[in-house]
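Architecture and fold: a report
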Amino acid sequence: MAEMQQVLDRRGAMKHAPVTVAVSDAVALGIAAIFSSPTPAGQVMERFYRRGAIDSQELLEAVRFEQGYASAEGHAALHCLAGWVRAQVHSRGGE
């Protein structure tokens, strides 16, 4: 939670935050673990949490779905997970 708050604070303090300002891999996996469930979107989160890798578009779709039902805190966590996905795609040259 502390790392998520730090990232959100850093991004909020910047006029144009770079995509590289994101949570760590461990935090991204932890967020996915929290949102793992029997729903289709929850199963995407589960696969990412268990395997450590998944199609970026599939994960972003699951994040968007879960954000529709999440609390304010959950929405913020999912926002951080989406940012992590974008940072990974950016670091790999836009796969």
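Residues numbered from 1 in each chain as written. Predicted model: local features only at pLDDT ≥ 70, side-chain atom pairs only at ≥ 80, totals over all residues. Heavy atoms only, no water.

**A few points about the packing of helix H3 (residues 40–51) against helix H4 (residues 56–67)**
- One way to put it is that H3 packs onto H4 with a least axis distance of 9 Å and a crossing angle of 130°. Comparing the axis directions of H3 and H4 gives the class oblique. Like other packed secondary-structure pairs, H3 and H4 cross with a definite hand, here left-handed. Side by side, H3 and H4 meet where Ala 41, Gly 42, Val 44, Met 45, Arg 47 and Phe 48 of the first sit next to Glu 58, Leu 59, Ala 62, Val 63, Phe 65 and Glu 66 of the second.
- Counted by class, the contact of H3 with H4 contains 8 nonpolar, 1 polar and 3 charged residues. (Axes fitted to C-alpha atoms, helices over the stretch in contact; angles between N-to-C directions. Helix = DSSP H or I, 4+ residues; strand = E, 2+ residues; numbered from the N terminus. Parallel < 35°, antiparallel > 145°, perpendicular 65-115°, else oblique. Left-handed = near helix turned anticlockwise from the far one by under 90°. Contact = heavy atoms within 4.5 Å. Nonpolar A, V, L, I, M, F, W, Y, C, P; charged D, E, K, R; others polar.)

**Here's the deal with the nonpolar core**
- With 23 residues, the main nonpolar core has Val 23, Ile 31, Met 45, Phe 48, Leu 59, Leu 81 and Trp 84 as its most contacted residues.
- When residues of this core are assigned to their parent elements, the largest contribution, 7 residues, is made by helix H5 (residues 72–91).
- With residues up to four places along the chain from it excluded, the contact list for Ile 31 reads Met 4, Ala 77, Leu 78, Cys 80 and Leu 81. (Core = buried A, V, L, I, M, F, W, Y, C linked by side-chain atoms within 4.5 Å. Buried < 20%, exposed > 50% of the residue type's maximum accessible area, 1.4 Å probe, protein only.)

**Focus: the environment of Gln 88**
- Relative to the assigned elements, Gln 88 resides in helix H5.
- Looking at Gln 88, the relative accessible area reads 18%, which means it is buried.

**Examining the layout of surface pockets**
- What the largest pocket holds in volume is close to 260 Å³.
- Considering the residues around the largest pocket, the lining is formed by 14 residues, among which Ala 53, Ile 54, Trp 84, Gln 88 and Arg 92 are closest to the centre.
- Of all the secondary-structure elements, those providing two or more residues to the lining of the largest pocket are helix H2 (25–34), H4 and H5. (1 Å grid on protein atoms, 1.4 Å probe; cavity = no way out; pocket = protein on both sides within 12 Å on 5 of 7 lines; lining within 4 Å. Points joined across faces, edges and corners; volume = space filled by probe spheres on them.)

**Here's the deal with the environment of Ala 82**
- Here Ala 82 is to be found in helix H5.
- As a C-alpha pair, Ala 82 and Ala 28 span 54 residues in sequence and 8.9 Å in three-dimensional space.
- If we skip the residues at most four places from it in the chain, Ala 82 touches Leu 60 and Val 63.

**Focus on the side chain of Ser 36**
- Take Ser 36: it is sitting in the loop between H2 and H3.
- Of the polar contacts made by the side chain of Ser 36, one reaches the side chain of Glu 46; its length is 3.3 Å.
- The residues contacting Ser 36, other than those within four sequence positions of it, are Gly 42, Met 45, Glu 46 and Tyr 49. (Polar contact = N/O pair within 3.5 Å; in protein donor to acceptor, adjacent residues only side chain to side chain.)

**Some points on the packing of H2 against H5**
- At a minimum axis distance of 9 Å, the contact between H2 and H5 shows a crossing angle of 130°. With respect to their mutual orientation, H2 and H5 come out oblique. In this structure, the crossing between H2 and H5 has a hand that is left-handed. For the pair H2 and H5, contact is made by Asp 25, Ala 28, Ile 31 and Ala 32 and by Ala 77, Leu 78, Cys 80, Leu 81, Trp 84 and Gln 88, respectively.
- When the residues that make up the contact of H2 with H5 are grouped by side-chain class, the tally is 8 nonpolar, 1 polar and 1 charged.

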